[in-house]
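# Structural overview for review
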Amino acid sequence: MSPEELATRIARRAGVPVPVVERVFDENDFSLILSGALPRPVQLHRLRIVGNRSVDPVGPFDRVLRFGAGLTVLAADNLRGKTSVLELITWCLRGSPRANLQGVVRGWLSRLDCDVTVAGRLLGFRLLLQHGRLVQGRIISAPDQDSLARADKAGDGPAVVELAHTTDPDAFAAMVAKLMMELLNLERLEASSTRNSSGRTTFGWPAYFGALYLPPGGDPALLGDVVTGGLPGRLLQVFLDLPGAALLTRLKTARDQLEEADRAADADSARMRALLSEQRADAERRLAAARDELTALGETVGAASLLTEISDLTTTAVSAESSLREARENYELLRWQRLSDARHLADLREHESARLFFHALDPEVCPRCEGPISPARRAAERAAAICAVCTEPAGRPAADPAETEAAEQEAQWRLAASQEAEKLARTHRDKLAAYAEECRRALATAEQALTATRAGQTEQDRRALIDRVARLEGTVSAWDSLPMPGERPHDDNRTVLAAATAELTELQTAASDTLFEELNADIAGLARDFGFRNLDRIVADRAGRLQVFKTGGPREWFTRQSPGERLRLRIAVVVALLRIGHRHGVATHPGLLLIDSPRSEEVQDDNAAALLVALEQLCTATPGLQILVTTADQELVGRTLQASTIISPPGPGQPLW
């Protein structure tokens, strides 16, 4: 399936445009390319072990072990280095040693050479060791095994190239892992994990290598040496070459992480909503209680009557002040009228006196302002009879004395009336001022009495309650304005990852039905050949779980089998994967198996002999299968297997290397 076709199918399932799918894959470092079936065989050729042993036989050693195709049995007494050979091969091919390699053995070593063909490429691993640690690691490549065996570094022979070189153990492990993953066309596997801050666990080459070095019979893992994260099932899917097996593990991990994050967010939102609702309800309950308490407390008896009295006195005082203001205005108006009438009467009397007093006089200055009479005015008086003082025509006839007396009399009457009215207004104003002052004093007295009354504990409680009610009303109002945590917005990431997971799962399901049916039949047949008696059938699923059905018995799980039965089933699973790979032309298990002491899992010699013979025949019949087995029973392998398949110590009781 092309990347474009896969992107289109995912986009159609997710209901989003294809560019959205491509963007999500790019952001998550996923590839739309489903790797095709590529061969990934691994064949071991040579292992050189150099060092200086500190126990009997003490001294330096330099041993080369060569491995042919098919079955190789490392036969030696216990504690003579059989298992160490497998562990040293593991150190070279995995890039780092396992904890099973004894520290004292590591301390003897100074050099390890391991030649192997990986996916058709001849590689040489050159490790220099000191005090049990790697001090220099190289990976070289050569065109043939002889050239490679003679080379330690680039330039040691024609066409010898160096692929990696470092003096750091961790860097060497990373280089080996990267090279092996690339050559074997493997992708890293992922699984959700709560132990890592990233929320996921990544499995690389060491996890795949666990499927080459079979664990002891009592181990619960069907494939590989790690049970967590569903790794056995993921390895099974990869080695069955199910479409996008590795990609699907990463998609599921990313999807699971998002779902876990969604569940956590939903739970947080629910808790926040419940907390806010509870806090709001609590505030409303406290507000209602405070209001009830305030209502029940009410006003004190004395304060209530004083409040009524103050209200009445305030009304009276305001009215008195208003009347006083009006009386003052009336008084001022009448006073002005009296002054006006007085001026009018004075004017009448002054005019008549001035006329009588200044008649026929010839003043030099104005009798009022004493300003000098100008010559022009005197000339106008002589020529045009214009008074030089007042500039009125001279010789005007004198007013009628009777009219003048009447006008004066009238002015006197009016002045007398305005004086009386002013007197009455002043009296009224003074009375109102006194009344207003009396009202003010009464109001002040009542307010002082109310203040004194409220100074008690009850009033303090009432004020505290009023403050509390105000605060609670503000709190309840604030809750109304707070936004409540709502639902999550639409996320393309979730939609695309869910659709991609469903699409690849559907593809795998369609491809795996026939493969798993064949796998189950092959596993059962092989396990019976290895001596698993009474085995009726096997059912393996994509999760790497193995159901065992014995003749006439109920269903049993893989982990409930005996150590010997588990070992037979593990070998059967790997060989069955290889057979299916050959039949269908799919990329499968690398074909290299390391099995440590299967005899220790057996009880009877016949069972161990049957297993070894079956393995030898199986290697002959299965192209690309190479098995390394260790055993302490040299007599058994001597009478059971061909001599060419056995690697033994130089002499009885001596170490293997």
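Residues numbered from 1 in each chain as written. Predicted model: local features only at pLDDT ≥ 70, side-chain atom pairs only at ≥ 80, totals over all residues. Heavy atoms only, no water.

## Here we look at the pairing of strand β4 (residues 109-118)
Most of β4 sits inside the fold, with eight of its ten residues counted as buried. Pairing between β4 and strand β5 (residues 121-130): eight bridges, direction antiparallel. Residue pairing in the sheet places valine 116 in a bridge with leucine 123 of β5. Count of turn residues in the β4/β5 antiparallel hairpin: two residues, of which alanine 119 carries a positive phi of about 50 degrees. (Buried < 20%, exposed > 50% of the residue type's maximum accessible area, 1.4 Å probe, protein only. Helix = DSSP H or I, 4+ residues; strand = E, 2+ residues; numbered from the N terminus. Pairing = 2+ DSSP bridges.)

## Things to note about the sheet that holds strand β1 (residues 42-53)
The strand order across the open sheet formed by six strands is β2-β1-β4-β5-β6-β7, and the pairing between neighbours is antiparallel. Looking at which strands have only one partner, the edges of the open sheet turn out to be β2 (59-66) and β7 (161-166). With direction set aside, neighbouring strand axes in the sheet form an average angle of 10 degrees. The pairing of strand β6 (residues 133-141) with β7 spans five bridges and is classified as antiparallel. Residue pairing in the sheet places isoleucine 140 in a bridge with glutamate 162 of β7. Contacts from helix α3 (residues 82-94) reach β1, β2, β4, β5 and β6, with the element oriented near 70 degrees to β4. (Axes fitted to C-alpha atoms, helices over the stretch in contact; angles between N-to-C directions. Contact = heavy atoms within 4.5 Å.)

## Let's talk about the packing of aromatic side chains
Here the structure, examined in full by the defined rule, presents four aromatic pairs. Judged by centre distance (5.9 Å) and plane angle (75 degrees), the rings of phenylalanine 25 and phenylalanine 30 are edge-to-face. Phenylalanine 30 carries the same exposure label as phenylalanine 25, and that label is buried. Here the aromatic cluster, defined as three or more aromatic residues joined through ring pairs, consists of Phe61, Trp108 and Trp657. The cationic tip of arginine 537 hangs over the ring face of phenylalanine 549; the distance from NZ or CZ to the ring centre is 3.9 Å. (Phe/Tyr/Trp six-rings, centres within 6.5 Å; stacked < 30°, edge-to-face > 60°. Lys NZ or Arg CZ within 6 Å of the ring centre and 35° of its normal.)

## Here's the deal with the sheet that holds strand β12 (residues 555-557)
With antiparallel pairing, the three strands of this open sheet are ordered in space as β10-β11-β12. Looking along the sheet, the strands with just one partner apiece sit at the ends: β10 (535-540) and β12. With strand direction ignored, the average angle separating the axes of adjacent strands in the sheet is 30 degrees. Relative to strand β11 (residues 546-550), β10 is paired through five bridges, and the arrangement is antiparallel. Bridged to leucine 535 within β11 is lysine 550.

## Some details on the pairing of β11
Of all five residues making up β11, four are buried, and the element is well covered by its neighbours. The turn joining β10 and β11, which pair antiparallel and follow one another in sequence, is formed by five residues; a positive phi near 80 degrees is taken by glycine 544. Inspection of the sheet shows β11 paired to β12 by three bridges, in the antiparallel sense. Each bridged residue has a counterpart across the sheet, and for valine 548 the counterpart in β12 is glutamate 556.

## Thoughts on the packing of helix α1 (residues 3-14) against helix α14 (residues 492-529)
Interhelical geometry of α1 versus α14 gives an angle of 120 degrees and a closest axis separation of 8 Å. Here α1 is positioned oblique relative to α14, judged by the angle of their axes. For α1 against α14, the interelement crossing comes out right-handed. For the pair α1 and α14, the contacting residues are Leu6, Arg9, Ile10, Arg13 and Ala14 in the first and Thr495, Val496, Ala499, Ala500, Ala502, Glu503, Leu504, Glu506 and Leu507 in the second. (Parallel < 35°, antiparallel > 145°, perpendicular 65-115°, else oblique. Left-handed = near helix turned anticlockwise from the far one by under 90°.)

## Observations concerning the nonpolar core
Ranked by size, the top nonpolar core spans 113 residues in total, and within it Phe67, Phe125 and Trp205 carry the most contacts. In terms of residues, this core owes the most to one element, helix α15 (residues 563-584), which gives eleven residues. Apart from the residues within four sequence positions on either side, phenylalanine 67 is in contact with Leu44, His45, Arg46, Leu47, Thr72, Leu74, Val85, Ile89, Gln626, Leu628 and Ile647. Grouped together as the second largest cluster of nonpolar side chains are 24 residues, Phe25, Leu32, Leu248 and Ala254 included. (Core = buried A, V, L, I, M, F, W, Y, C linked by side-chain atoms within 4.5 Å.)

## Thoughts on the pattern of salt bridges
Evaluation of the coordinates by the stated rule reveals 39 salt bridges. Residue arginine 285 pairs with aspartate 282 through a salt bridge whose shortest N-O separation is 3.6 Å. Residue arginine 285 and its partner aspartate 282 are both found in helix α9 (residues 245-297); the two are separated by three residues, about one turn of the helix. Residue classification places aspartate 282 among the partly exposed residues on the basis of a relative accessible area of 31%. For arginine 338, the salt bridge is made with glutamate 422, and the minimal N-O distance between the two is 2.6 Å. Here arginine 338, found in helix α10 (residues 301-358), pairs with glutamate 422, found in helix α12 (residues 401-454); they are 84 residues apart in sequence, far enough to count as distant. Taking relative accessible area as the criterion, glutamate 422 reaches 6% and is therefore assigned buried. Each of the salt bridges in this network shares a partner with another, and the network as a whole consists of Arg46, Arg48, Asp62, Arg111, Asp113, Asp115, Arg126 and Asp152. (Salt bridge = Lys/Arg side-chain N within 4 Å of Asp/Glu carboxyl O.)

## A word on the packing of helix α2 (residues 18-27) against α14
For any two helices packed against each other, the geometry is given by the interaxial angle and the distance between the axes. Remark: α2 packs on α14, axes separated minimally by 10 Å, with the N-to-C direction vectors making an angle of 95 degrees. Classified by the angle between their axes, α2 and α14 sit roughly perpendicular to one another. Across the interface between the two elements, Val20, Val21, Arg23, Val24, Phe25 and Glu27 of α2 pack against Asp492, Asn493, Val496, Leu497 and Ala500 of α14. Here the contact of α2 with α14 is composed, by residue class, of seven nonpolar, one polar and three charged. (Nonpolar A, V, L, I, M, F, W, Y, C, P; charged D, E, K, R; others polar.)

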